[in-house]
Amino acid sequence: MPLVPYDPFNIARCASDWFPSFPRLFDDDWFDSHFTNMPRVRCDVRETQNEVIVTAEIPGLEKKEDVNITVHDNHLHLSGKIERMGEQKDENVHRMERYYGQFSRTVPLPTAVDDTGAKASYKNGILEVRIPKSQKQIGRQIDVNFH
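Thresholds, definitions, all that
Residues numbered from 1 in each chain as written. Predicted model: local features only at pLDDT ≥ 70, side-chain atom pairs only at ≥ 80, totals over all residues. Heavy atoms only, no water. UniProt positions renumbered as here; feature names shortened; annotations may be inferred. Patch = residues over 30% accessible without salt bridge, like charges linked within 9 Å, V, L, I, M, F, W, Y side chains within 5 Å. Areas by Shrake-Rupley, 256 points an atom, 1.4 Å probe, with all protein chains shown as cover. Salt bridge = Lys/Arg side-chain N within 4 Å of Asp/Glu carboxyl O. Helix = DSSP H or I, 4+ residues; strand = E, 2+ residues; numbered from the N terminus. Buried < 20%, exposed > 50% of the residue type's maximum accessible area, 1.4 Å probe, protein only.

As annotated in an unreviewed UniProt entry, the chain carries the name HSP20 family protein and is attributed to Alicyclobacillus sacchari. Here is the UniProt Sequence similarities (unreviewed entry) comment for the chain, exactly as written: "Belongs to the small heat shock protein (HSP20) family."

Here it is, written out as structure tokens:
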């Protein structure tokens, strides 16, 4: 018999059985994609021994003034504006799927960081932000004396 916590109402199983296509209402991605006009900036967050690295897909940025990056209270906030250049007025447009306009995304960081040493780079539609970890979180190696 598997070790499973007792759930007298078996809510998790019943909800998935009764409503298999019912969206997860408390999932941030579902909420943002259905109720906001701004697209969701896709982000990867990874952590090394000394820093946190956030990689975001933001195609269409032309200059560094188009994006704002702030770190506050262990959250990274990305916002900005994508301009559409060279739009033709005399053509019949059949489909417009590329996004232009404002975007915003706040990403929680997995550990305490030191925002004073943060660096960002942008290449080929990918924004990479490197933020060093707070020295309090890194710790230090303690040597053991054997006698």
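The discussion continues.
Draft legend 1. The arrangement of a nonpolar patch on the surface in detail. Together, Val 93, Met 96 and Tyr 100 line one region of the surface with nonpolar side chains, adding up to about 310 Å² of accessible area. Considering the arrangement of structural elements, one finds Met 96 in the loop between strand 4 (75–82) and strand 5 (101–108).

Draft legend 2. Main features of the pattern of salt bridges. Overall, the coordinates contain seven salt bridges when judged by the stated rule. The salt bridge partner of Lys 63 is Asp 66, with a shortest N-O separation of 3.3 Å. On the accessibility criterion, Lys 63 (46% relative accessible area) is partly exposed. Since its relative accessible area comes to 9%, Asp 66 is described here as buried. In the salt-bridge network here, residues are joined through shared partners; they are Arg 46, Glu 51, Glu 128 and Arg 130.

Draft legend 3. Spatial organisation of the environment of Arg 40. Residue placement: Arg 40 occurs in the loop between helix 2 (28–35) and strand 1 (42–47). By relative accessible area, which is 30% here, Arg 40 ends up partly exposed. In this structure, the C-alpha to C-alpha distance between Arg 40 and Phe 103, residues 63 residues apart in sequence, is 7.7 Å.

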